[in-house]
Each structure stands twice: as structure tokens, then as C-alpha cells.
Amino acid sequence: MRRLLAATLGILSAIGGFVDIGDLVAASQAGARFGMAHAWVLLVGVLGICAYAEMAGRIAAVSGRAVFDLVRERLGPRVALLNLVASWLVTVLTLAAELGGVALALQLASGIHYLIWVPVAAVAVWLVLWRMRFELMERVFGLAGLALLVFAVALFALPTDWGRLGQQSLHVSSGGESWSVYWFVAVALFASTVSPYEVFFFSSGGVEENWSAADLAAARSNVLIGFPVGGFLALSLIAVAAVAYHPSGTSVDSLDQVARPVVTALGGVGLAVAVLAFFAVTFGAALETGLSAAYAAAQYFGWQWGKRVSPRKAARFHSVLLVSVLLGVLMLMTAVDPVQLTEYMLVLSAVVLPLTYLPILVVANDRGYLGDRVNGRWNNLLGALFLLLIVAASVAAIPLAIITRMGQ
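Residue indices follow the written sequence of each chain, beginning from 1 at its first position. In view of the model being predicted, local features appear only for residues whose pLDDT reaches at least 70, and side-chain atom pairs are presented and counted only at 80 or more, with totals across whole chains, interfaces and linings using the full set of residues. Derived side-chain values reflect all non-hydrogen atoms in the structure, with water molecules and hydrogen atoms excluded from consideration.

Looking at an unreviewed UniProt entry, one finds the protein chain named Mn2+ and Fe2+ transporters of the NRAMP family, with Micromonospora mirobrigensis as its source organism. Word for word, the UniProt comment on the protein chain under Subcellular location (unreviewed entry) is "Membrane". UniProt positions are given in the numbering used here, feature names are shortened, and annotations may be inferred rather than shown by experiment.

For the rest of this paragraph, the subject is the overall build of the protein chain. A tally of helices and strands in the protein chain yields 18 helices and zero strands. The reference for a compact globule is 2.2 Å times residues^0.38; the radius of gyration itself is calculated from the C-alpha atoms. Taking 408 residues into account, the globule formula puts the C-alpha radius of gyration at 22 Å, and the protein chain, at 20 Å, falls close to it. Principal-axis analysis of the C-alpha atoms places the extent of the protein chain at approximately 55 × 45 × 45 Å. Here's how the labels work: a residue is buried when its accessible area is under 20% of the maximum for its type, exposed when over 50%, partly exposed in between, all with a 1.4 Å probe on protein chains only. The buried share of the protein chain, taken over its 408 residues, is 57%. Here the contacts in the protein chain between residues at least 6 apart in sequence split such that 84% fall between residues at least 24 apart. Total accessible area on the protein chain stands at roughly 15800 Å², and carbon and sulfur atoms take up 66% of it. The charge count treats Lys and Arg as positive and Asp and Glu as negative. His and the chain ends do not count. A single reference atom marks each charge: NZ on Lys, CZ on Arg, CG on Asp, CD on Glu. Separation between the mean location of the 23 positive side-chain charges and that of the 21 negative ones in the protein chain comes to 8 Å. Each helix is a run of DSSP H or I of at least 4 residues and each strand a run of E of at least 2, with the numbering of both proceeding from the N terminus. The contact rule is simple, with two residues in contact once any of their heavy atoms fall within 4.5 Å. To be clear on the numbers: accessible area is Shrake-Rupley with a 1.4 Å probe, and residue cover counts the displayed protein chains and nothing else.

Our focus in this paragraph is the nonpolar core. One finds Tyr-52, Leu-99, Met-137, Phe-151, Phe-278, Leu-291 and Tyr-357 to be the most contacted residues of the largest nonpolar core, which totals 135 residues. Tallying contributions element by element places helix α14 (residues 255-301) first for this core, with 18 residues. Apart from residues no more than four positions distant in its own chain, Tyr-357 is found in contact with Ile-49, Tyr-52, Val-194, Ser-195, Val-199, Leu-387 and Ile-390. Counting six residues, the second-largest nonpolar core is a separate cluster that includes Ala-86, Val-90, Ala-188 and Leu-346. Only buried Ala, Val, Leu, Ile, Met, Phe, Trp, Tyr and Cys residues count toward a nonpolar core, and they belong to the same one when joined by side-chain atoms within 4.5 Å.

Here we take up the packing of helix α9 (residues 149-157) against α14. Contact geometry for α9 and α14: axes closest at 9 Å, N-to-C directions at 170 degrees. With respect to each other, α9 and α14 are oriented roughly antiparallel. Along its contact with α9, which presents Val-150, Phe-151, Val-153, Ala-154 and Ala-157, the element α14 presents Val-258, Val-262, Ala-265, Leu-266, Gly-270, Val-273, Ala-274 and Phe-278. We call Asp, Glu, Lys and Arg charged. Ala, Val, Leu, Ile, Met, Phe, Trp, Tyr, Cys and Pro are nonpolar, and the rest, Gly among them, are polar. Taken together, the residues of the contact of α9 with α14 break down into twelve nonpolar, one polar and no charged. Between the N-to-C directions of two axes lies an angle of 0 to 180 degrees, each axis being a line fitted to C-alpha atoms and, for a helix, fitted only over the stretch in contact. Just so you know how the angles are binned, under 35 degrees is roughly parallel, over 145 roughly antiparallel, 65 to 115 roughly perpendicular, and the rest oblique.

Glancing now at helix α18 (residues 377-404). What a helix should span is 1.5 Å times the count of its residues minus one. Taking 1.5 Å of rise per residue, the 28 residues of α18 would be expected to cover 40 Å, and the 39 Å separating its terminal C-alpha atoms lies within 8% of that figure. Where α18 bends most, at Ala-397, the angle is about 35 degrees, and the proline Pro-399 comes one to four residues later. Buried within α18 we find Gly-383, Phe-386, Leu-387, Ile-390, Ala-393, Ser-394, Ala-397, Leu-400, Ala-401 and Thr-404. On its buried side, α18 packs onto α4 (39-63), α11 (179-193) and α16 (338-363). Looking one or two places after α18, you find Arg-405, whose phi comes out positive at around 55 degrees. One fitted axis covers the seven residues ending at a residue, a second covers the seven starting there, and the bend at that residue is the angle between these axes.

Salt bridges, as used here, are contacts in which a Lys or Arg side-chain nitrogen is within 4 Å of a carboxyl oxygen on Asp or Glu. On inspection of all chains with the given rule, the structure shows seven salt bridges. Close ionic contact of Arg-33 with Glu-177 constitutes a salt bridge, the shortest N to O distance being 2.6 Å. Residue Arg-33 is located in helix α3 (residues 21-34), and its partner Glu-177 is located in the loop between α10 (162-170) and α11; the two are separated by 144 residues in the primary sequence. Between Glu-73 and Arg-65 there is a salt bridge, with its nearest N and O atoms 2.9 Å apart. By relative accessible area, Arg-65 is classed as partly exposed at 25%. A network of salt bridges, in which partner residues are shared, links Glu-54, Arg-58 and Arg-220.

At their nearest, the axes of helix α6 (residues 77-110) and helix α15 (residues 315-332) sit 8 Å apart, and the two run at 60 degrees to each other. One finds that α6 runs oblique with respect to α15. Both α6 and α15 take part in a crossing whose hand is right-handed. Between α6 and α15, the contacting residues are Trp-88, Val-92, Leu-93, Leu-95, Ala-96, Leu-99 and Gly-100 on the first element and Val-320, Ser-324, Val-325, Leu-327, Gly-328, Val-329, Met-331 and Leu-332 on the second. Considered class by class, the residues forming the contact of α6 with α15 number twelve nonpolar, three polar and no charged. By convention the crossing between two helices is left-handed if the near helix lies anticlockwise of the far one by an angle smaller than a right angle, and right-handed if it lies clockwise.

For Thr-94, the position within the fold is in helix α6. Thr-94 gets classed as buried once you look at its relative accessible area, which sits at 0%. Each polar contact in these results corresponds to two N or O atoms within 3.5 Å; when the atoms are within protein, one needs to be able to donate a hydrogen and the other to accept it, and residues that are neighboring in sequence are counted only if both atoms are side-chain atoms. At a separation of 2.7 Å, a polar atom in the side chain of Thr-94 contacts the main-chain carbonyl oxygen of Val-90. Excluding residues that lie within four positions of it along the chain, Thr-94 makes contacts with Asp-20, Tyr-197, Thr-289 and Met-345.

Our next topic: the packing of aromatic side chains. Any Phe, Tyr or Trp ring, taking Trp's six-membered ring, that has another such ring centre within 6.5 Å forms a pair; planes under 30 degrees apart are called stacked, those over 60 apart edge-to-face, and the others tilted. As enumerated under the stated definition, the model contains 18 aromatic pairs in all. For the pair Tyr-300 and Phe-301, a centre-to-centre distance of 4.9 Å together with 90 degrees between the ring planes defines the contact as edge-to-face. Looking at Tyr-300, the relative accessible area reads 8%, which means it is buried. Overall, the relative accessible area of 46% leaves Phe-301 in the partly exposed class. In this structure an aromatic cluster arises from ring pairing among Phe-34, Trp-40, Trp-179, Tyr-182 and Trp-183.

Let us now look at the environment of Leu-216. Mapped onto the elements of the fold, Leu-216 is located in helix α13 (residues 216-244). Overall, the relative accessible area of 5% leaves Leu-216 in the buried class. Sequence separation between Leu-216 and Ala-30 is 186 residues, and the spatial gap between their C-alpha atoms is 36 Å. Residues in contact with Leu-216, not counting those within four places in the same chain, are Arg-58, Ala-61, Val-62 and Arg-373.

This part takes up a nonpolar patch on the surface. Each patch is built from residues that are more than 30% exposed by relative accessible area and take part in no salt bridge. Like charges join if they lie within 9 Å; nonpolar side chains (Val, Leu, Ile, Met, Phe, Trp, Tyr) join within 5 Å. A cluster of nonpolar side chains, Trp-40, Val-172, Trp-179 and Trp-183, forms an exposed patch at the surface whose accessible area comes to about 390 Å². Accessibility expressed as a relative area gives 31% for Trp-40, which makes it partly exposed.

The subject of this paragraph is unusual backbone geometry. Residues other than glycine seldom take positive phi values, yet Ala-335 does so here, at roughly 75 degrees. Here Ala-335 is to be found in the loop between α15 and α16. Unlike most non-glycine residues, Arg-405 shows phi in positive territory, near 55 degrees. Accessibility expressed as a relative area gives 61% for Arg-405, which makes it exposed.

Here it is as C-alpha cells:
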């Protein structure tokens, strides 16, 4: 249990990236449309994010500084500014979608229209970010997000053909749809597993928790427990949809449809746990993206930053945080669909991925910051291979979005 509690930063980071509001629907859509044919995407994503999160955590532990704090210093203000603008815009868009996800979860629980809940969700997120201690925040929402395990439980209660699921996982198939749509979904799922704000939040969280070189083992525990857990939860979403919807070719378009197989399998208790899970993962992702937006800006400009630092001492950091939340609310009050908003965000996220991950690889090989803790041969090999995949996804994202009309 102690080891699990030590890994809650990784769990919160992973849940925020793997299973936010867009992924709750997107993963279910993938399962409904293609069965388990995208399982390999999650596996690759987990391996890659583990490799780069380990680098980011090591950088934070050894140097005592977050990744973005070093990007400007190592690569220069122009490259870092491009990184800042791209990642901040994508992160704020994601924050808006997550606030919408919290509101949709509350709508599912209460029957009250989600737009009524948007300001309530924003105020709640702001209060938690303002008043709750960082360690308590990560433990409450990281562990509450594990309620998504209800989807794994539902698999055993549904009439699941395990052999067929395994066969689908090993056989890449377009499921009767065009290959361009298959690859669009693959890129979107891949982008969701390696969202830029994940590593910014993870490394900044390590600094918030005062990691040092003596905490490298704890940092690796966060990575090796937290991120695979996030991947498993996303895989469970795909598998449940593959069992419940893929045989009939039914499409999944809403949060209600995502939860329906759990209700079929486990009844009212399943629905209650699913709603709790939806609330926890979207609320946790809203916390993560809000902090990540403020972290990136403050670290670039060299401001005092940190959730533990009082607003009086870190006024600009907390101001960016508040402005980011307000911008998210303003976007949602235009009545834009939170699910569609996140789907567009995933495409933009895929485009900017190289700007995030290349600097991490560069800094992780700089002895001036890490001394003898720089990447080894295998770290660099895995990092380089994964970077090639990131570049390929970045190049393909917009053409596939246009060709498929966002996967339609």
C-alpha cells in the first residue's frame, strides 16, 4: 500500500493523460468500431511515456528543476517560446474540455444540463488548486480515478469471448472501415497517451515534492506503476466497448453510452461507480492541465511558481492559473461540445509533440545538469525510436484529420 501511495503522482499524471473526457469516448469509439485492433497503440504509448517520464523525473530529482525550466536555458528563448505558445494553447484547450467532462459527469448523475455545472466545476477546481495540499490532491484524485477499474470488472460480468479479444489484439484490421480512419484513430489515441502536459506536470510535481537524487527510486516507482495503470484503464475501456458494441457495429457518441455496458453488467452499483470514475478522472485531468499551463508560463519567464507557494509570493503563477481556468469556462459557455473539443485538441497535441519530447531527450543527455545520471545507451535507443514515432504522428495528424473529416 505504501508503494502505491508513493506512486500517486504517476497515477494522477497518467489518468490525466490516458483517460480524460475525450479518451473516455475516443477509446470506447475505437473499441466499438475496430474491436481490439488499437491495443498495440496503447502498448507503444505506455512504453514511450514511461521512457520520457523517467527522464523528466530524473531531471527533476537530480537538478532540482523542472523540464520546462531547463528548456529555455538549454535550447534558448526562441525555441522555448515556440514550445511555450504551442503547449500552453493545447493545454488550455484541454483544460476547457476537462471542465466540460466534469460537467457532463455531473449531468449524468443529476439530470441537470451540463452547462449549468460548468461554473460549479470551475470554482471547485480553483478551490482545490488554491487550498488543497499537493500530496493530498494527488492521492485523492489519483486513487479515486482507479474507480475506472469497474470497466475491467464489467468484462468478467459481460458475455466476453476472451479468445476473440486476444485474436483482435494480435491482428491489425480496419474492421470494414477505411484504413485512413483506422490510422486517424491510432494517431488520436497515441496523442492521448503522450500529451505534452503529462511530462510538464510530472516533472514539476517532482520539484513540488522536493525530490532529490536520493528519490530516484521513488520517481521510477511513480513511472513504472502509475503510467501502466493508466494504460490498463484505457485498455479496459476499449475492451468493454469491443464486447458490447463492436459485434453490432453500434457507434459510441456520448458519456452515457460509455457507461451503458457497465450498467448492463453490474446494474445501479456499476452506474454509480462509473459516474464516480468519470468525475474523478476528468476532475483530476482539469487539475493537472490547469497546473501545467501555469507551470509552463512561470518556468519560461523565470517567475516564482509552485502550488505550495502562496498567491502573494507567486502572484503571476497563480494569475496564469486563474486566467487559464476562466478561459476554459468561456470556451465552454459558447456551447461547444466538450467531447469534440478534446478530439480537436488531440490532433493539435499530436502536431506539437516533437516540441515537447525532443528537448527532454536533449536535456537528459546533458552532463552539465545531470552529471553521471545522463541517459544510458538503452535509454537513448528507446528515446530515439519513440521520437521517430512522435514525428510520424505529428506529420500525419492534420492530413488524416482532413481526409477522414475527423474520423467520420
